[in-house]
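For reference, the chains in residue letters:
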Amino acid sequence: MKGMRKLVTLLGVILYLGLVSGEISTNDDAGKREKKCGFPAIYNFGDSNSDTGGRSAAIHEVPPPNGQTFFGRPFGRLCDGRLIIDLIADRLELQYLGAYLDAISADFRNGANFETSGSSILPGGYSPFNLDVQISQFLQFKKRTILLNDLPISNNSKWSSSKVNIPKLEDFSKALYTFDIGHNDLSYGFQHTHEAQVRASIPQILNNFTQAIHQLYNEGALNFWIHNTGPIGCLPFSVIDYPLKPQGRDAIGCVENHNTVAREFNKQLKDRISHLRAELPHAAFTYVDVYSAKYQLISSAKKQGFGDPLKFCCGWYNNGYEVACGGTAVANGTDYGKACSDPTKYISWDGAHYTDAANVWLAKAILNGSFSDPPVPIEQSCSHLSTSV
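Residues numbered from 1 in each chain as written. Predicted model: local features only at pLDDT ≥ 70, side-chain atom pairs only at ≥ 80, totals over all residues. Heavy atoms only, no water.

Let us look at the state of the cysteines. Under the counting rule described, the total for this entry stands at four disulfides. Two residues share a disulfide in this structure: Cys313 and Cys340, whose sulfurs sit 2.0 Å from each other. Handedness of the Cys313-Cys340 disulfide follows from its S-S torsion of about -95°: it is left-handed. Taken together, the residues span a long stretch of sequence, with Cys313 in the loop between helix H11 (290-299) and strand E6 (316-318) and Cys340 in the loop between strand E9 (334-336) and helix H12 (356-366) at a distance of 27 residues. (Disulfide = S-S within 2.5 Å. Helix = DSSP H or I, 4+ residues; strand = E, 2+ residues; numbered from the N terminus.)

Here it is, written out as structure tokens:
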């Protein structure tokens with residue numbers, strides 16, 4: 001009997017130690033998963049999907065009612081409020097990115113935005129600020145930051161205020177480098193060439209993209225968060241302009257061949273990123289399937305609290321006649337071009353860009369890693385955590 005009691009006691013001790021050990025191990029694993037990169041800055045390269053003021057500074061000011069929902073006034077964005085890049089900054093607890101081209105409100109301590117509306121990866125297209133130009137601007141920005149940091153500046157120097165609003169040199173290698181570009185390469189191609197030519201241009205577009213990544217890597221960039229292109233065939237303007245209605249549209253009304261090319265672009269982009277991981281082993285690459293997130297939102301619009309996903313809130317377009325968001329026109333006693341009364345019910349703000357409400361939905365969907373490869377939340381997407389996530 002005593003022997004039996006000893007055996008039970010021994011088994012109890014072993015079980016207890018095992019549970020404690022397992023709990024410690026589980027806690028350690030959870031601790032690793034919960035570690036954050038602590039990105040001190042974001043450097044963004046893109047187009048109007050992430051333009052926080054480049055167009056307003058370089059070309060012409062974005063007019064009201066843009067910005068009305070969140071900022072209460074125009075804030076450089078082609079949207080009634082925030083863009084996904086703003087919500088990325090919120091998630092990483094950083095200030096909203098200032099546009100590199102905006103010298104008036106420049107504060108680059110937490111990064112800079114090199115995007116401009118209409119930008120593409122290849123030269124040409126809608127904007128002169130293609131990706132190569134944006135990379136050149138970044139290189140100059142970094143060079144000038146180094147020069148300012150090296151200057152022996154006293155508090156009463158005329159350069160002292162300039163030094164306050166620039167990043168720390170060590171932040172360049174710790175920063176997150178975000179990309180949301182490529183959409184306009186495809187859209188411009190569809191407007192000016194044919195589908196076969198757009199498809200044929202994809203390898204060259206991605207050659208230029210890969211070259212840009214290598215340039216940044218050579219400058220010390222290590223953390224890359226890359227959005228693929230969205231379902232361009234679901235933009236209201238794409239649907240309105242499509243000449244073969246109703247043929248050639250998918251089950252939810254999007255232009256199928258436009259989306260097919262977008263998916264091919266994304267497939268090749270993902271392949272290039274796989275090669276980049278092998279070529280640049282010290283970097284962390286996160287490929288974000290924004291296409292699937294946006295298509296999911298559009299295809300379940302009513303379920304998510306939105307109205308018709310192929311209608312837009314601000315501006316007017318009919319039979320080739322357009323009143324852009326911010327403009328108005330009167331025909332037969334009817335005002336056209338004004339914003340809708342409730343943008344939160346719309347996915348599209350102006351026929352080409354998403355509303356604040358849609359961007360909030362998309363950010364919640366993608367920033368937790370659900371649409372990413374690898375599937376990690378954005379705050380854990382850095383190189384020094386890549387082996388422990």
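Right, let's get into the packing of H11 against H12. Contact geometry of H11 with H12 gives a least axis separation of 10 Å together with a crossing angle of 130°. By the angle between their directions, the pair H11 and H12 is classed as oblique. Where H11 crosses over H12, the handedness of that crossing is right-handed. Two secondary-structure elements touch here, H11 through Val290, Ala293, Lys294, Gln296 and Leu297 and H12 through Ala358, Trp361, Leu362 and Ile366. (Axes fitted to C-alpha atoms, helices over the stretch in contact; angles between N-to-C directions. Parallel < 35°, antiparallel > 145°, perpendicular 65-115°, else oblique. Left-handed = near helix turned anticlockwise from the far one by under 90°. Contact = heavy atoms within 4.5 Å.)

Glancing now at the sheet that holds strand E4 (residues 223-227). The strand order E2-E1-E3-E4-E5-E10 describes an open sheet built from six strands, whose pairing is mixed. Looking along the sheet, the strands with just one partner apiece sit at the ends: strand E2 (111-113) and strand E10 (372-373). Bridge analysis of strand E1 (residues 42-46) against E2 gives three bridges, and the strand direction is parallel. Residue pairing across strands places Ile42 opposite Gly111, the latter belonging to E2. Along the sheet, helix H8 (residues 195-218) contacts E1, strand E3 (176-180), E4 and strand E5 (284-288); its crossing angle with E4, the most-contacted strand, is approximately 160°. (Pairing = 2+ DSSP bridges.)

The next thing to look at is the layout of surface pockets. Of the volumes computed, that of the largest pocket is approximately 1200 Å³. Forming the boundary of the largest pocket are 50 residues, of which Tyr126, His183, Gln191, Phe237 and Ala352 lie nearest the centre. With five residues, the top contributor of residues to the lining of the largest pocket is helix H7 (residues 183-192). A class-by-class count of the residues in the lining of the largest pocket yields 21 nonpolar, 21 polar and eight charged. (1 Å grid on protein atoms, 1.4 Å probe; cavity = no way out; pocket = protein on both sides within 12 Å on 5 of 7 lines; lining within 4 Å. Points joined across faces, edges and corners; volume = space filled by probe spheres on them. Nonpolar A, V, L, I, M, F, W, Y, C, P; charged D, E, K, R; others polar.)

Another aspect to go through is the pairing of E5. Burial analysis of E5 places five of its five residues in the buried class, which makes it a mostly covered element. Taken together, the five bridges between E4 and E5 define a ladder with parallel strand orientation. Within the sheet, the bridge partner assigned to Phe224 lies in E5 and is Phe285. Sheet topology places E5 next to E10; two bridges connect them, and they run antiparallel. Paired with Tyr287 across the strands is Asp373, a residue of E10. (Buried < 20%, exposed > 50% of the residue type's maximum accessible area, 1.4 Å probe, protein only.)

Turning our attention to the environment of Ala99. Tracing the chain through its elements places Ala99 in the loop between helix H3 (84-91) and E2. Counting along the chain gives 47 residues from Ala99 to Thr52, while the straight-line C-alpha distance between them is 5.9 Å. Setting aside residues up to four positions removed in sequence, Ala99 forms contacts with Thr52, Gly53, Gly54, Phe108, Asn113 and Glu115.

Here the focus is empty space enclosed by the protein. Across all of its chains, the model carries four cavities of 30 Å³ or more by this definition. Counted as a void, the largest cavity has a volume near 100 Å³. What lines the largest cavity is simply Ser48, Asn49, Leu78, Leu83, Ile84, Asp180, Lys294, His353, Tyr354 and Asn359. The residue inventory of the lining of the largest cavity, partitioned by class, reads four nonpolar, four polar and two charged. Reported here for the second largest cavity is a volume of approximately 60 Å³. Elements supplying a minimum of two residues to the lining of the second largest cavity: H3, E3 and E4. Considered class by class, the residues forming the lining of the second largest cavity number five nonpolar, five polar and one charged.

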